[in-house]
Amino acid sequence: MVVRLTEVEAYGGADDPASHAHRGWTPRTLPMFDTEGTLYVYRSYGIHWCMNIVTGPRGTAGAVLLRGGVIGRGRSVAEARRGRQDHLADGPGKLCQALGVTGALSGSSIGEGPVDIELGPDQDPSTIVATPRIGISVARDRPWRYLLPE
DNA sequence: CAGCGGATCGCCT
DNA sequence: GGCGATCCGCTGC
């Protein structure tokens, strides 16, 4: 299963009031303090899963929430999982459903799992657009949402 | 140990 | 553009 990312958001640790790691670690958020490449997957609104890739180093909380992407190899499987042929991964919950990612993968490494991240054709950092994060009620001023070129 | 509310989604108007 | 669904981890008593 391959995904090319189009939208991500950064979350920090103690210094980021919007982060789940803001008040230190709990059993659920412990993966956020692990090494780079670790997955932190949490349940959202009791229904959806949302996945982060931890940025490391160990002991420091930091991760990138995968908010959207385009499914490459494995598209038919993703369509079956989503029950539709469009809007497969244009949202953090949809992206996890399309990729088959659940909380069972939290704490594991991105490299060991079924998901591969593909780089887009345009790798010029200057084409990445930064905007405020969405869906949060605090620290809205930080432009830590990144839109990657399609 | 009970209550709250959220890093969402999809369907309705 | 607005709202209901639907959990459970965390906070505060």
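Each chain carries its own residue numbering, running from 1 in the written order of its sequence. Whichever chain is written first becomes A and whichever ligand is written first becomes 1, with later ones labelled in order. With pLDDT at 70 or above as the cut-off, local features in this predicted model cover only qualifying residues; side-chain atom pairs require 80 or more to be listed or tallied, and sums for whole chains, interfaces and linings still use all residues. For side-chain calculations, the full set of non-hydrogen atoms in the structure is used, while hydrogens and water are omitted.

## Some words on the overall build of chain A
To qualify as a helix, a DSSP run of H or I must reach at least 4 residues; to qualify as a strand, a run of E must reach at least 2; elements of each kind are numbered from the N terminus. Along its length, chain A carries 2 helices and 7 strands. Counted from the first residue to the last, chain A has its helices and strands arranged as β-β-β-β-α-α-β-β-β. Throughout, radius of gyration means the C-alpha value; the globule benchmark is 2.2 Å times the number of residues raised to the power 0.38. Relative to the 2.2 N^0.38 estimate, which gives 15 Å for 150 residues, the radius of gyration of chain A is 15 Å and therefore close to what a compact globule would have. Each principal axis of the C-alpha atoms in chain A carries an extent, and together these give about 40 × 35 × 25 Å. All accessibility values rest on the Shrake-Rupley procedure with a 1.4 Å probe; residue burial counts only the protein chains present in the view. For chain A, the exposed area adds up to about 8,000 Å²; of that, 54% sits on carbon and sulfur atoms.

## Observations concerning the protein's contact with DNA strand C
Near DNA strand C you find Arg23, Thr26, Arg28, Tyr45, Gly46 and Ile47, and these make up its full shell. Any residue with a heavy atom lying within 4 Å of a molecule or strand is counted as near it. Backbone sugar and phosphate groups make up 65% of those atoms of DNA strand C lying within 4 Å of the protein. Any N or O atom pair separated by 3.5 Å or less is treated as a polar contact, with the protein-specific requirement of one donor-capable and one acceptor-capable atom, and with residues adjacent in sequence counted only for side-chain atom pairs. The contact in question runs from a base oxygen of DNA strand C to an N or O atom on the backbone of Tyr45, over 2.6 Å. Charged means Asp, Glu, Lys or Arg here, nonpolar means Ala, Val, Leu, Ile, Met, Phe, Trp, Tyr, Cys or Pro, and polar covers whatever is left, Gly included. Per-class residue counts for the surface near DNA strand C are 2 nonpolar, 2 polar and 2 charged.

## What to know about the protein's contact with DNA strand B
Taken together, 19 residues are adjacent to DNA strand B, and Tyr42, Asn52, Arg82, Gly93 and Gly135 come closest. Those atoms of DNA strand B that come within 4 Å of the protein belong to sugar or phosphate at a rate of 55%. One nitrogen or oxygen atom from the side chain of His20 is found 3.1 Å from a phosphate oxygen belonging to DNA strand B. Take Pro92: an N or O atom from its main chain is 3.1 Å from a phosphate oxygen of DNA strand B. Residue assignment for the surface near DNA strand B shows that the elements contributing at least two residues are β2 (39-44), β3 (48-54), β4 (63-71) and α2 (92-99). Classifying every residue of the surface near DNA strand B gives 9 nonpolar, 7 polar and 3 charged.

## Re the nonpolar core
Here, nonpolar core refers to any group of buried Ala, Val, Leu, Ile, Met, Phe, Trp, Tyr and Cys residues whose side-chain atoms link them within 4.5 Å. Each residue is placed in one exposure class: buried if its accessible area under a 1.4 Å probe, protein chains only, is under 20% of its type's maximum, exposed if it is over 50%, and partly exposed if it falls in between. Membership of the largest hydrophobic core comes to 21 residues, with the highest contact counts inside it found for Met51, Ile71, Leu95, Leu99 and Val101. Of all the secondary structure elements, the ones that give two or more residues to this core are β1 (2-11), β2, β3, β4 and α2. Per-element tally for this core: the top contributor is α2, with 4 residues. Two residues form a contact once any of their heavy atoms are found within 4.5 Å. Discounting residues that sit within four places of it in the chain, Leu99 has contacts with Met1, Val3, Met51, Ile71, Arg81 and Val115. One finds Ala21, Met32, Phe33 and Tyr40 within the second-largest nonpolar core, a separate group that totals 14 residues.

## Quick word on the environment of Ser106
You can see Ser106 is positioned in the loop between α2 and β5 (116-118). Ser106 gets classed as partly exposed once you look at its relative accessible area, which sits at 24%. Sequence spacing of Ser106 and Ser126 is 20 residues, and the spatial spacing of their C-alpha atoms is 32 Å. In this view, Ser106 contacts Pro31, Leu39, Tyr40 and Val41; residues no more than four positions away in its chain are not counted. Of note is the side chain of Ser106, whose polar atom sits 3.0 Å from the backbone nitrogen of Val41.

## Quick notes on the state of the cysteines
Disulfide assignment relies on a single distance test, namely cysteine sulfur atoms paired within 2.5 Å. Tallied over the entire structure, the rule returns 0 disulfides. Not part of a disulfide, Cys50 finds its nearest cysteine sulfur in Cys96, a span of 6.0 Å.

## Remarks on the side chain of Arg82
Along the chain, the position of Arg82 falls in helix α1 (residues 75-82). Positive residues here are Lys and Arg, negative ones are Asp and Glu, while His and the chain termini are left out of the count. In what follows, salt bridge is the name for a side-chain nitrogen of Lys or Arg lying within 4 Å of a carboxyl oxygen of Asp or Glu. At 5.3 Å, Asp90 is the nearest oppositely charged side chain to Arg82, a buried residue that forms no salt bridge. Among residues more than four places away in sequence, those in contact with Arg82 are His87, Leu88, Lys94, Gln97 and Ala98.

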